[in-house]
Amino acid sequence: MAHIQKVLKDALDIQPGEVAATQDYKDETDIALDEAKNAIKKVMEGAPEIELSPQNTHIRKLQHELVEQYNLKSISIGDEPNRRLKVMRK
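Here the structure is a predicted model, which means the values were calculated and not measured. (Residues numbered from 1 in each chain as written. Predicted model: local features only at pLDDT ≥ 70, side-chain atom pairs only at ≥ 80, totals over all residues. Heavy atoms only, no water.)

Trainee: I'd like to hear about the pattern of salt bridges, residue by residue, with values.
Mentor: Opposite charge on two side chains permits pairing when their charged atoms draw close. Taken as a whole and assessed by the stated rule, the structure comprises five salt bridges. A salt bridge links Glu49 to Lys86; its shortest N-O distance comes to 3.5 Å. Of this pair, Glu49 sits in strand β1 (residues 49-51) while Lys86 sits in strand β3 (residues 84-88), and the two are 37 residues apart along the sequence. Residue classification places Glu49 among the partly exposed residues on the basis of a relative accessible area of 40%. Glu51 is the salt-bridge partner of Arg84, the closest N and O atoms lying 3.0 Å from each other. Residue Arg84 is located in strand β3, and its partner Glu51 is located in strand β1; the two are separated by 33 residues in the primary sequence. Among the residues examined, Glu51 registers a relative accessible area of 42% and is labelled partly exposed. (Salt bridge = Lys/Arg side-chain N within 4 Å of Asp/Glu carboxyl O. Helix = DSSP H or I, 4+ residues; strand = E, 2+ residues; numbered from the N terminus. Buried < 20%, exposed > 50% of the residue type's maximum accessible area, 1.4 Å probe, protein only.)

All we've got here are geometric facts, nothing functional implied.
See below:
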């Protein structure tokens, strides 16, 4: 990601002072993974289960992998385009 940002800054001739406006940018994947992290935290603190916002197949796969890293369980529920994860204890 850092390499891509550097290439874009160079290509767009963005100067160091102009970068501040772009530093807080998060793409849909970052936002979805942050949502998964928040759900993981809540489940680890005692919530029985948390449903996430609908995501595409690729992002759901990343969310499943993240949940597994915390030794929790996730399942996909719903139908496209509203398919989403439910995070819970194993």
